[in-house]
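# An overview of the molecular structure
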Amino acid sequence: MRPLLIAGNWKMNKDLFETLAFLQGLRAYAQKHKEERVQIVVAPAYPFLLTAVDLLKDTPVKVAAQDVSSNEDGAFTGEVSASMLASLHLSFCIVGHSECRQYHSDTDDVINIKLQRVIKNGMKPIFCIGEKLEERQSGRTNEVLQRQLAIGLNEINLSAGKDLVIAYEPVWAIGTGQVATPQQAQEAQAFIRNFLLQKYGAEVADTVQILYGGSVKPDNIKEIILQPDIDGALIGGASLKLDLFTAMIDLAKEAVKIK
Ligand code: 13P
């Protein structure tokens, strides 16, 4: 069975002091975390990544960046390259989040370049895809996912599923409190796994972790991650409070025993 991955995407929240307070608490929790089938990831803002890696280095918690530049290096004021992130010993980098698609005009082609840079620099991308409300309502969910996957993964050769994590985040469920039903999420994620099967074969399709994201909270996480093609959650709002975040990790530990 694939391990479950519980990832907190903090987005543009928490200053240095709030980051330190959270991470010190998480460190104390994680030092007692022994369940290897439940992996934990946090994605603080860029300025605090090194602090996070340092503080969590003797725990199983891994650190992710929230985005990366599509450029390699040079005169790109304000951007951060994949090799810079890799030099911090980051394990993961979120790529293609719907907020980056919306506010930073990340197209599928740009996301494809970002994914290649992240993989080339030895980090694991958490590749986000998902349809907008009007796309779901007009019955185009699978068509959108197919396009995002086909362009996003163009020329990306995976010999093992361990090099990639995918997060299915329906845009209409992000920050809205309107979580997808476990059946809606399972259906989309089975479609994603089938895409991986066609493109990369069974070994890769069976090992890539596919997360669900969008209004995940302690009261809905368990039934979502119990679905066969859902291997964890990418959590925004509810990951900002330590007690909620650790409650969701505890629920994943219960889920993994019965999955
Ligand atoms: P919310 O959990 O706040 O809906 O955000 C989900 C998300 O965008 C995680 O990347």
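All values derive from a computational prediction rather than experimental measurement. (Residues numbered from 1 in each chain as written. Predicted model: local features only at pLDDT ≥ 70, side-chain atom pairs only at ≥ 80, totals over all residues. Heavy atoms only, no water.)

## Description of the overall build of the chain
On a plain count of helices and strands, the chain comes out with 11 helices and 8 strands. The C-alpha radius of gyration of the chain comes to 17 Å, within 12% of the 18 Å expected for a compact globule of 259 residues. With the C-alpha coordinates of the chain rotated into their principal frame, the extents come out at 50 × 45 × 35 Å. Counting only residues that meet the buried cut, the chain has 53% of its 259 residues in that class. A total of about 11,700 Å² of accessible surface is found on the chain, and carbon and sulfur atoms cover 52% of it. Seen as two clouds, the 27 positive and the 31 negative side-chain charges of the chain have centres 4 Å apart. (Helix = DSSP H or I, 4+ residues; strand = E, 2+ residues; numbered from the N terminus. Rg over C-alpha atoms; globule rule 2.2 N^0.38 Å. Buried < 20%, exposed > 50% of the residue type's maximum accessible area, 1.4 Å probe, protein only. Areas by Shrake-Rupley, 256 points an atom, 1.4 Å probe, with all protein chains shown as cover. Lys, Arg positive; Asp, Glu negative; His and termini not counted. Charge placed at Lys NZ, Arg CZ, Asp CG, Glu CD.)

## Some details on the side chain of Glu135
Examined against the element boundaries, Glu135 turns out to sit in helix α6 (residues 133-137). Buried within the structure, Glu135 lacks any salt-bridge partner; Lys132 is the closest side chain of opposite charge, at an N-O distance of 4.6 Å. Ignoring anything within four residues of it in the chain, the contact list for Glu135 reads Arg140, Thr141 and Val144. (Salt bridge = Lys/Arg side-chain N within 4 Å of Asp/Glu carboxyl O. Contact = heavy atoms within 4.5 Å.)

## Side note on the pairing of strand β6 (residues 165-168)
Alternating positions in β6 separate into two faces, Val165 and Ala167 on one and Ile166 and Tyr168 on the other, with burial throughout. Judged from the 4 bridges that link them, strand β5 (residues 124-129) and β6 form a sheet pairing that is parallel. For Ile129, the partnering residue across the bridge sits in β6 and is Tyr168. (Pairing = 2+ DSSP bridges.)

## A closer look at the pairing of strand β7 (residues 209-213)
Buried residues dominate β7, accounting for 5 of its 5 residues. Residues Gln209, Leu211 and Gly213 line one face of β7 and the alternating positions Ile210 and Tyr212 line the opposite face, and both faces are buried. Taken together, the 4 bridges between β6 and β7 define a ladder with parallel strand orientation. If you follow Ala167 over to β7, its bridge partner there is Leu211. Here β7 runs beside strand β8 (residues 232-235); their pairing, made up of 2 bridges, is parallel. Residue Gly213 lies in a different strand from β8, and its bridge partner there is Leu234.

## Digging into the site of the ligand
The environment of the ligand is formed by 13 residues, the closest being Lys11, His97, Gly175, Ser215 and Gly237. In this structure, His97 approaches the ligand through a side-chain N or O atom, which is 2.8 Å from an oxygen atom. At 2.9 Å from an oxygen atom of the ligand is found a main-chain nitrogen or oxygen belonging to Gly236. Protein contacts shield 94% of the accessible area of the ligand, which totals 310 Å² for the unbound molecule. (Near = heavy atom within 4 Å. Polar contact = N/O pair within 3.5 Å; in protein donor to acceptor, adjacent residues only side chain to side chain.)

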